[in-house]
Amino acid sequence: MEGKGGNPEGGEADVGVASDGDCRSPEKHEENVVDKRRNKYEMAAYWDERYQKTNGVFDWYTDFITLKPLFEHYCGRNSRILNLGCGNSELSESLALGGYTDVSSIDISGKCIDMMVKRCRESKHAEKLKNLKWMQMDASKMTYKDNAFDFIIEKGTLDALVCNTDTRSTLTKIIAEAHRVLKVGGTLAVITYGNPDARMPFFKDPRCPWRIKVRRVPYSPSALLIRTLRAMLNGKPLRCVTPEMFAAAMPKVKEELANFETAEDMGPEKSPFCYAYCCTKMGTLAPPPMQSEDVADEVFKGDDESEKVP
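What you are looking at is a predicted structure, and each value in this text was computed from that prediction instead of being measured.

Chemist: Mind showing me how you'd approach the overall build of the chain here?
Modeler: Looking only at helices and strands, the chain has 11 helices and 8 strands in total. Across the 310 residues of the chain, 54% fall into the buried class. A total accessible area of about 13,900 Å² is found for the chain, and carbon and sulfur atoms account for 52% of it.

So this is what it looks like as structure tokens:
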């Protein structure tokens, strides 16, 4: 589901930055047009149709290079990793090429999974990608056994559902299912544009206790570049970009990346960063899950070695 079809000129996806406005408040911006558009995002048929119309790669929000410190912090090379709502991102392939040996990827779209299997089989790195596991699966009712994974990452899947009240129950089920299939001490990493005030309420189910750290993650350079170019184009398609626009955009992108640690959160269309909610599964006798006021806004630098998976 991650890539929304991977079409940067398709009108709905905007290089990993929310395209339907700022939906960060769980109480607002979830009616009328947004409501009507969002409820289709939990339907396999919708995503099958989107992937039928597109080829290529689309990484929602950020990429493996940017997230590499997170994986190094929470995962060992032999950790069992699940990419939930993989879309047509290169994340799973990058993990395999980076030496991670046990990576599974699921998406609600069978068409997407077929595309990814074919892409890996035809890749020049096919030999190194042959052990990747791909499966069409609904993340709200996964068929994996309990305590199956050390680490789960989702990037944009929950955001596709969060802006619609009708799909909130699906979102809650996905988080509960992630908790179920994680080992105790394993971590779910949710990559989202939503700030803690908006996202922490979704992790409050007492039946699924988490220890949560919220960290800033910069948008990928390509995401920031395309966002800057779109602003310059003022509604025109990306094919209208000129060399002069590229030259003018690059210094702005470099400045945003250099200052993302201290930048103000101005919403997904203007901030140079998104958030990583690193949710570590606690045992059934654990204290209640962390509340939003207990969560620090940190920049991820892999500094807490005590939580690293061996």
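Chemist: Help me understand the pattern of salt bridges in this model?
Modeler: Oppositely charged side chains can form a pair if their charged atoms are brought close together. If you walk through the whole model with that rule in mind, you get 11 salt bridges. Across the pair Arg180 and Glu177 runs a salt bridge, and its minimum N-O distance is 2.8 Å. Of this pair, Arg180 and Glu177 both sit in helix α8 (residues 168-181), separated by 3 residues, roughly a single helical turn. Here Arg180 falls in the partly exposed class, since its relative accessible area comes to 23%. Classification of Glu177 as buried rests on a relative accessible area of 13%. With a shortest N-O distance of 3.9 Å, Glu256 and Lys252 are connected by a salt bridge. Taken as a pair, Glu256 and Lys252 lie in helix α11 (residues 243-258) at a separation of 4 residues, close to a single helical turn. Classification of Glu256 by relative accessible area gives buried; the value is 13%. Residue classification places Lys252 among the partly exposed residues on the basis of a relative accessible area of 42%. In this structure, a network of salt bridges that share partners links the residues Asp146, Glu177 and Arg180.

Chemist: Sorry if this is basic, but what is going on with the packing of aromatic side chains here?
Modeler: Each aromatic ring pair is described using two quantities: the centre-to-centre distance and the angle formed by the ring planes. Following the criterion strictly, the structure yields 10 aromatic pairs and no others. Measuring from ring centre to ring centre gives 5.5 Å for Phe273 and Tyr275, while their planes differ by 85°; the resulting arrangement is edge-to-face. As far as burial versus exposure is concerned, Phe273 and Tyr275 are alike and both buried. Joined through ring pairs, the aromatic side chains of Phe64, Phe71, Tyr74, Tyr100 and Phe151 make up one cluster.

Chemist: Mind showing me how you'd approach empty space enclosed by the protein here?
Modeler: If a probe the size of a water molecule is rolled over the atoms, the empty space left behind becomes visible. Tallied over the entire structure, the rule returns 3 cavities of 30 Å³ or more. Empty space within the largest cavity amounts to approximately 70 Å³. Lining the largest cavity are Leu158, Val162, Leu171, Ile175, Val190, Thr192, Arg199, Phe202, Phe203 and Tyr277.

Chemist: Mind showing me how you'd approach the packing of helix α10 (residues 221-233) against α11 here?
Modeler: Two quantities define a packed helix pair, namely the angle between the helix axes and the distance between the axes. Two elements in contact, α10 and α11, have axes whose closest approach is 9 Å; the angle formed by their N-to-C orientations is 130°. In terms of axis orientation, α10 runs oblique to α11. The crossing of α10 and α11 is right-handed. Residue-level inspection shows Pro221, Leu224, Leu225, Arg227, Thr228, Leu229, Met232 and Leu233 of α10 in contact with α11, the latter providing Met245, Phe246, Ala248, Ala249, Met250, Lys252, Val253, Glu256 and Leu257. For the contact of α10 with α11, a count of residues per class yields 13 nonpolar, 1 polar and 3 charged.

Chemist: So what exactly am I meant to see when it comes to the pairing of strand β7 (residues 273-281) here?
Modeler: The side chains of a regular strand alternate, residue by residue, between the two faces of the sheet. Of all 9 residues in β7, 9 are buried; the element is thus mostly enclosed. Going residue by residue along β7, you find Phe273, Tyr275, Tyr277, Cys279 and Lys281 tucked away on one face and Cys274, Ala276, Cys278 and Thr280 tucked away on the opposite face as well. In this sheet, β7 lies alongside strand β5 (residues 182-192) in antiparallel orientation, the contact comprising 6 bridges. Following the sheet pairing, Leu188 is matched in β7 by Cys279.

Chemist: It is not clear to me how unusual backbone geometry should be interpreted in this structure. Could you clarify?
Modeler: For residues besides glycine, phi is generally negative; the peptide bonds are generally trans as well. Of note, the phi angle at Asn147 is positive, near 55°, even though the residue is not glycine. Along the chain, Asn147 turns up in the loop between β3 (133-136) and β4 (149-155). What makes Asn147 partly exposed here is its relative accessible area of 40%. With phi around 55°, Asn234 is a residue other than glycine that occupies positive phi space. Relative to the assigned elements, Asn234 resides in the loop between α10 and α11. The class for Asn234 is exposed, based on a relative accessible area of 69%.

Definitions and cut-offs
- Residues numbered from 1 in each chain as written.
- Predicted model: local features only at pLDDT ≥ 70, side-chain atom pairs only at ≥ 80, totals over all residues.
- Heavy atoms only, no water.
- Helix = DSSP H or I, 4+ residues; strand = E, 2+ residues; numbered from the N terminus.
- Buried < 20%, exposed > 50% of the residue type's maximum accessible area, 1.4 Å probe, protein only.
- Areas by Shrake-Rupley, 256 points an atom, 1.4 Å probe, with all protein chains shown as cover.
- Salt bridge = Lys/Arg side-chain N within 4 Å of Asp/Glu carboxyl O.
- Phe/Tyr/Trp six-rings, centres within 6.5 Å; stacked < 30°, edge-to-face > 60°.
- 1 Å grid on protein atoms, 1.4 Å probe; cavity = no way out; pocket = protein on both sides within 12 Å on 5 of 7 lines; lining within 4 Å.
- Points joined across faces, edges and corners; volume = space filled by probe spheres on them.
- Axes fitted to C-alpha atoms, helices over the stretch in contact; angles between N-to-C directions.
- Parallel < 35°, antiparallel > 145°, perpendicular 65-115°, else oblique.
- Left-handed = near helix turned anticlockwise from the far one by under 90°.
- Contact = heavy atoms within 4.5 Å.
- Nonpolar A, V, L, I, M, F, W, Y, C, P; charged D, E, K, R; others polar.
- Pairing = 2+ DSSP bridges.

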